[in-house]
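Architecture at a glance
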Amino acid sequence: RVLSIDDEAEVPAGHFDDVLTTKDWNPLEPRVLEFKFYARGVGPVLAVSVSGGADREELVAFRR
């Protein structure tokens, strides 16, 4: 589910504006809920578990 198309994300690789934010879940693990953040021209920059886990994935570097 798309939550927003104009968020911001700050990760080790930099600051990104106009980030697409989604709410993701998997029927195989219904208690795990993640927010994922995607930057235009880069792809996924951040994934954060908000329930059912404590994972956090951050983009640390990329090349254009």
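The paragraphs below set out a description of the structure included in this document. The shown structure was predicted, so the numbers you read here are calculated from the model rather than taken from an experiment.

**A closer look at the pairing of strand β3 (residues 29–39)**
Across 7 bridges, the pairing between strand β2 (residues 14–26) and β3 is antiparallel. Within the sheet, the bridge partner assigned to Thr22 lies in β3 and is Lys36. Connecting β2 to the next strand, β3, in antiparallel fashion are 2 residues. Relative to strand β4 (residues 43–51), β3 is paired through 7 bridges, and the arrangement is antiparallel. Bridging from a neighbouring strand, Lys36 pairs with Ala47 of β4. Hairpin geometry of β3 and β4 is characterised by an intervening segment of 3 residues between the two adjacent antiparallel strands and by a positive phi of about 80° at Gly41.

**What to know about unusual backbone geometry**
Residues other than glycine seldom take positive phi values, yet Asp18 does so here, at roughly 50°. With respect to the helices, strands and loops of the structure, Asp18 is situated in strand β2. Its relative accessible area of 57% is what places Asp18 among the exposed residues.

Analysis parameters
Residues numbered from 1 in each chain as written. Predicted model: local features only at pLDDT ≥ 70, side-chain atom pairs only at ≥ 80, totals over all residues. Heavy atoms only, no water. Pairing = 2+ DSSP bridges. Helix = DSSP H or I, 4+ residues; strand = E, 2+ residues; numbered from the N terminus. Buried < 20%, exposed > 50% of the residue type's maximum accessible area, 1.4 Å probe, protein only.

Read these as layout, nothing more, since geometry by itself doesn't imply function.
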